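Fold and contact review
These are the residues of each chain, in order.
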Amino acid sequence: AQSVAQPEDQVNVAEGNPLTVKCTYSVSGNPYLFWYVQYPNRGLQFLLKYITGDNLVKGSYGFEAEFNKSQTSFHLKKPSALVSDSALYFCAVRENTGGFKTIFGAGTRLFVKA
Amino acid sequence: DARVTQTPRDKVTEMGQEVTMRCQPILGHNTVFWYRQTMMQGLELLAYFRNRAPLDDSGMPKDRFSAEMPDATLATLKIQPSEPRDSAVYFCASGSGTGLGYEQYFGPGTRLTVT
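Regarding the overall build of chain A
Across its full length, chain A carries zero helices and 12 strands. For chain A, the succession of helices and strands along the chain, N to C, is β-β-β-β-β-β-β-β-β-β-β-β. Relative to the 2.2 N^0.38 estimate, which gives 13 Å for 114 residues, the radius of gyration of chain A is 14 Å and therefore close to what a compact globule would have. Buried residues in chain A amount to 45% of all 114 residues. Carbon and sulfur atoms make up 49% of the accessible area of chain A, which amounts to about 5,400 Å² in all. Positive and negative side-chain charges in chain A, numbering 11 and 8 respectively, have mean positions lying 5 Å apart.

As structure tokens, then:
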């Protein structure tokens, strides 16, 4: 069965500094990996996804993520953090064994300090 | 700008009452999901449908929860009878695609409080 782990409950970073939000996964087949962001009192919003191809995926709002098959990781990154990036970030995985179920991580709260 | 809509946005009810939450997926999306979010459990998948057919509802308490898609534009989640432990934010999400690489679009959620 697929699973996803976000080892950090919270990440703190100063505005202008690079940020990384970590995600590791476990699947039986090839993974489909996603990052979503949730702002207060809102639904989740899609940021980016990895399906196949280039290991570095670029997404919305300047975010990118790096797929590492050997480490089974899919870390979210941004070169320069903004205060407005402060939110709850979810990593999700779907495996290509015929099902459509998506498993979400517990979420990582990102605080960007001015 | 196509969006998933959910009604009601907030619901306060007493224990034992029936609660019905509604979702209108994005037109043309063929997969619909129901999630529940709480501080303790995070985001839990309750059920999902593809082309209106239920594929998996193993995340739902079967004795009190039910999910249906009467037509392609409406998904419902019912709780009967409701209990205080059902208090949570319930999200509907929809997606489109024949493969597995599609992203999900989430509605704004229904905040349920059972007293």
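Brief notes about the nonpolar core
W35, L47, L48, F74, L76 and Y89 of chain A are the most contacted members of the largest nonpolar core, which totals 26 residues. Counting only elements with at least two residues in this core, the list comes to β2 (10-14), β3 (19-21), β5 (31-38), β6 (44-50), β8 (64-68), β9 (73-78), β10 (87-95) and β12 (108-113) of chain A. Sorting elements by how many residues they give to this core places β10 of chain A first, with four residues. When sequence neighbours within four positions are dropped, the list of residues in contact with F74 of chain A reads C23, L33, F34, W35, L48, K49, Y50, A65, E66 and F67 of chain A. With 22 residues, the next largest nonpolar core counts I26, L46, Y90 and L112 of chain B among its residues.

A closer look at unusual backbone geometry
P8 of chain B follows T7 of chain B through a cis peptide bond whose omega is -10 degrees. Here the bond from Q80 of chain B into P81 of chain B is cis, since omega is -5 degrees, no more than 30 degrees from zero. Inspection of the secondary structure assignment puts P81 of chain B in the loop between β8 (74-79) and β9 (88-95). In this model, T72 of chain A sits at a positive phi of 45 degrees, which is unusual for a non-glycine residue. Summarising the element assignment, T72 of chain A is placed in the loop between β8 and β9. For T72 of chain A, a relative accessible area of 31% puts it in the partly exposed group. In this structure, N51 of chain B takes a positive phi of about 50 degrees despite not being glycine. In this structure, N51 of chain B sits in the loop between β5 (42-50) and β6 (53-56). The exposure class assigned to N51 of chain B is exposed, which follows from its relative accessible area of 54%.

Reading the values: the criteria
Residues numbered from 1 in each chain as written. Chains lettered and ligands numbered in written order. Predicted model: local features only at pLDDT ≥ 70, side-chain atom pairs only at ≥ 80, totals over all residues. Heavy atoms only, no water. Helix = DSSP H or I, 4+ residues; strand = E, 2+ residues; numbered from the N terminus. Rg over C-alpha atoms; globule rule 2.2 N^0.38 Å. Buried < 20%, exposed > 50% of the residue type's maximum accessible area, 1.4 Å probe, protein only. Areas by Shrake-Rupley, 256 points an atom, 1.4 Å probe, with all protein chains shown as cover. Lys, Arg positive; Asp, Glu negative; His and termini not counted. Charge placed at Lys NZ, Arg CZ, Asp CG, Glu CD. Core = buried A, V, L, I, M, F, W, Y, C linked by side-chain atoms within 4.5 Å. Contact = heavy atoms within 4.5 Å.

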